[in-house]
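The lines below spell out each chain.
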Amino acid sequence: MPAGAAPGVEIPSTLRRRALDVLRRDSGEAPLRGLLGAPALGELRDGLRATGADALVYLVPGQGTADGVAVLVRSTGEPTALPLPGLGALGREPLERYLDAGARRSAVSEQGMDAHAEAHRDWEAALEGLCDWAGPAVLAPVLDALDTRAADDGHGKAKDERGKAENGQDGQAERDAPVRLVLVPCGNLGAVPWHAARLPRQRADARRPYAYACEDTVISYAASGGEFLRAARRGRVPASERAVLVADPSGDLTWAQDEVTALRTAYYTEALLHGWHEDAPENALGTPDDVLSHLPGGPAAPTASLLHLVVHGLAGLRPTDSALHLAGPDTSDPQGPADTPDPGRLTVTRILDVPAGEPAATGPLIVLSACETDLSSRDHDEALTPTTALLARGATDVVGSRWKVSDSASAALMVVFHHQLTVAGLAPPGALRAAQLWMLDHDRHPVPGLTGLLLAETQSDAGGLARAVSWAGFIHQGNPAPHAPVEGRQP
């Protein structure tokens, strides 16, 4: 294995073994039996080429006194192990402070508004520190290593050609095409919003002397290389083809109805509605069974093309207890599961409880405009969250959130996301990035779907939308391809 991006640096044998272990245990379908000639490694390379991704990057925390490591898998050449002291136990202190602040915030959630407000301020300060750390400690050296290797192996030319194809023009545009990464963060590194990593950079914009990683990079996340490959093999269908929108059945998300109304009015006029919404049918309560019926393997035929849920989500003490909070069944229905504890919770276990069958060539886009749908509490088991469970169920793309976002900020971001998806024609990872860049732009202009009270709310909090807490919680998992194929691939 190459020693890394920095010439002359000798990678300790223990670090080599850890990098190899990550690759060997990653694929559940075809375990790697070593790097040379391993078929699963070839599959990863093929998947990267098919989706136009520049690299699959495993982020591995160090144990004891050892450094952490980034394992860089490109579409050509051997994987590279890049030592990262910032991922060692001492280097990860900003992450530990962030996790501790999050735990304290959760612990005081029922101790009154003042206590929770103070804990939230501490947590947001820890989030700011986390973003400051994530750039210099991890993303900057990873991007530098990828850039160096691109120049060495001719991949830079391939990127220029891809940029021409995507932009339809020569010159500066293809050179400015964003880097496309799929990150596989191991352990509690999955709690970090790596797309919000701050990269030191001189900017003409005096508001901030740094750039966020998402400004130059399209970042998707995966729980494993196997998950990346399964999603990469699924095609997409136009989101508007069979759209389903679910407004918070509890009625206590203030902007849920406004968000769903804006999406239906501007982009999905034929969408089916469920939940607490004046236009939803009386029997469309937004129960777990309602949602499951529109997923792959459910009784509805055909499956939804888009399932957008504006609901509460919560990380459980055990990953399989993490759930979306939906409506309970109609108590007048004699077939309803009256004896089921909290039947309005759609847990990871229920999402995964589907008979095995032939996987479909295409899958839906599922958007979880909700709290903590991509975390599983303090242990952060990336393989068992509502987001990853929905991918396992057959979704092609899932947008989830890593913390509770103000529902007005979330609603604004979601309207812009769907504008980028349906009007600008971007694929989900690019549409999410474009929406986040819109949030960062202090000179932003409202998209046509952003109207009425929701527009007034966003204009009254123009500066607040640019704070990391307002936009960086949302992540994309699934197919990282920048295009919108209607047929499944077989990379």
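Please read these numbers as outputs of a predicted model, since none were measured by experiment.

A. How the structure looks around the overall build of the chain. Assigned secondary structure in the chain consists of 15 helices and 16 strands. Taken across its 491 residues, the chain has 55% of its residues classed as buried. Across the chain, contacts joining residues at least 24 apart in sequence account for 73% of those joining residues at least 6 apart. Total accessible area on the chain is roughly 20,500 Å²; 52% of this is exposed by carbon and sulfur atoms.

B. Structural view of the packing of aromatic side chains. Enumeration according to the criterion identifies 6 aromatic pairs in this entry. Here the aromatic rings of Trp 123 and Trp 403 are separated by 5.5 Å at their centres, their planes lie at 70 degrees, and the arrangement is edge-to-face. Taken as a pair, Trp 123 in helix H4 (residues 113-153) and Trp 403 in the loop between strand S15 (397-401) and helix H12 (407-422) lie far apart in primary sequence, 280 residues in all. On the basis of relative accessibility, which here comes to 2%, the residue Trp 123 falls in the buried class. For Trp 403, a relative accessible area of 1% translates into the label buried. Centroid distance Tyr 267 to Tyr 268: 6.4 Å. Interplanar angle 65 degrees. Geometry classified as edge-to-face. What makes Tyr 268 buried here is its relative accessible area of 2%. Among the aromatic residues, ring-to-ring pairing joins Tyr 98, Trp 123 and Trp 403 into one connected group. Across from the ring centre of Trp 123, 4.0 Å away, lies the NZ or CZ of Arg 105, which sits over that ring.

C. Just the packing of H12 against helix H14 (residues 452-460), in detail. Look at H12 against H14: their axes get within 10 Å of each other, and the N-to-C directions meet at 110 degrees. When the axis of H12 is compared with that of H14, the two are roughly perpendicular. Helix-helix and strand crossings are classified by hand; for H12 and H14 the assignment is left-handed. For the pair H12 and H14, contact is made by Ser 408, Ala 411, Ala 412 and Val 415 and by Leu 454, Glu 457 and Thr 458, respectively. By residue class, the composition of the contact of H12 with H14 is 4 nonpolar, 2 polar and 1 charged.

D. Region of interest: the confidence of the model for the chain. Mean pLDDT over the chain: 82, with 78% of residues reaching 70 or higher. Contacts from residues 1-13, a stretch scored under 50 in pLDDT, to residues over four places away or in other chains number 23 contacts. Taken together, the stretch residues 22-39 has pLDDT below 50 and engages in 32 contacts with residues farther than four places along the chain or on a different chain.

E. The arrangement of empty space enclosed by the protein in detail. Overall, the coordinates contain 2 cavities of 30 Å³ or more when judged by the stated rule. Its volume calculated, the largest cavity comes out at about 100 Å³. Together, 13 residues line the largest cavity, and His 195, Ile 219, Leu 432, Arg 433 and Gln 436 are the ones closest to its centre. Its residues assigned to classes, the lining of the largest cavity shows 8 nonpolar, 4 polar and 1 charged.

F. Inspection of the sheet that holds strand S12 (residues 323-325) at higher detail. As summarised here, the arrangement of the 3 strands in space is S11-S12-S13, forming an open sheet in which the pairing is antiparallel. With partners counted over all chains shown, the strands left at the sheet margins are strand S11 (312-314) and strand S13 (345-347), one partner each. Ignoring which end each strand starts from, the neighbouring axes of this sheet average 25 degrees apart. Where S11 meets S12, 3 bridges bridge the pair, whose relative direction is antiparallel. In the sheet register, His 312 faces S12, and the bridge partner there is His 325.

G. The arrangement of helix H8 (residues 256-266) in detail. Here H8 has its buried residues at Ala 256, Glu 259, Val 260, Ala 262 and Leu 263. All buried residues of H8 lie within an arc of 160 degrees about the axis, which places them on one face of the element. As for H8, its buried residues are in contact with strand S8 (243-247), strand S9 (272-275), strand S10 (306-310) and H12.

H. Just the nonpolar core, in detail. Counting residues in hydrophobic clusters, the biggest one holds 91 residues, and the most contacted among them are Tyr 98, Trp 194 and Phe 417. Broken down by element, the residue count for this core peaks at 15 residues, all from H4. Other than its neighbours up to four places away in sequence, Tyr 98 contacts Trp 123, Ala 126, Leu 127, Leu 130, Ala 191 and Trp 403.

I. View of the environment of Leu 314. Along the chain, Leu 314 turns up in strand S11. Judged by its relative accessible area of 47%, Leu 314 falls in the partly exposed class. Separated by 72 residues in sequence, Leu 314 and Pro 386 place their C-alpha atoms 9.4 Å apart.

J. The packing of H8 against H12, seen in detail. H12 packs onto H8 with a crossing angle of 15 degrees between their chain directions and a minimal axis gap of 9 Å. Taken together, the axis directions place H8 and H12 in an arrangement best described as roughly parallel. As for the relative orientation of H8 and H12, their crossing is right-handed in sense. Listed contacts from H12 to Glu 259, Ala 262 and Leu 263 of H8 are Ser 410, Ala 411, Met 414, Val 415 and His 418. Taken together, the residues that form the contact of H8 with H12 break down as 5 nonpolar, 2 polar and 1 charged.

Conventions and cut-offs
- Residues numbered from 1 in each chain as written.
- Predicted model: local features only at pLDDT ≥ 70, side-chain atom pairs only at ≥ 80, totals over all residues.
- Heavy atoms only, no water.
- Helix = DSSP H or I, 4+ residues; strand = E, 2+ residues; numbered from the N terminus.
- Buried < 20%, exposed > 50% of the residue type's maximum accessible area, 1.4 Å probe, protein only.
- Contact = heavy atoms within 4.5 Å.
- Areas by Shrake-Rupley, 256 points an atom, 1.4 Å probe, with all protein chains shown as cover.
- Phe/Tyr/Trp six-rings, centres within 6.5 Å; stacked < 30°, edge-to-face > 60°.
- Lys NZ or Arg CZ within 6 Å of the ring centre and 35° of its normal.
- Axes fitted to C-alpha atoms, helices over the stretch in contact; angles between N-to-C directions.
- Parallel < 35°, antiparallel > 145°, perpendicular 65-115°, else oblique.
- Left-handed = near helix turned anticlockwise from the far one by under 90°.
- Nonpolar A, V, L, I, M, F, W, Y, C, P; charged D, E, K, R; others polar.
- pLDDT = per-residue confidence, 0-100.
- 1 Å grid on protein atoms, 1.4 Å probe; cavity = no way out; pocket = protein on both sides within 12 Å on 5 of 7 lines; lining within 4 Å.
- Points joined across faces, edges and corners; volume = space filled by probe spheres on them.
- Pairing = 2+ DSSP bridges.
- Arc of directions from axis to C-beta.
- Core = buried A, V, L, I, M, F, W, Y, C linked by side-chain atoms within 4.5 Å.

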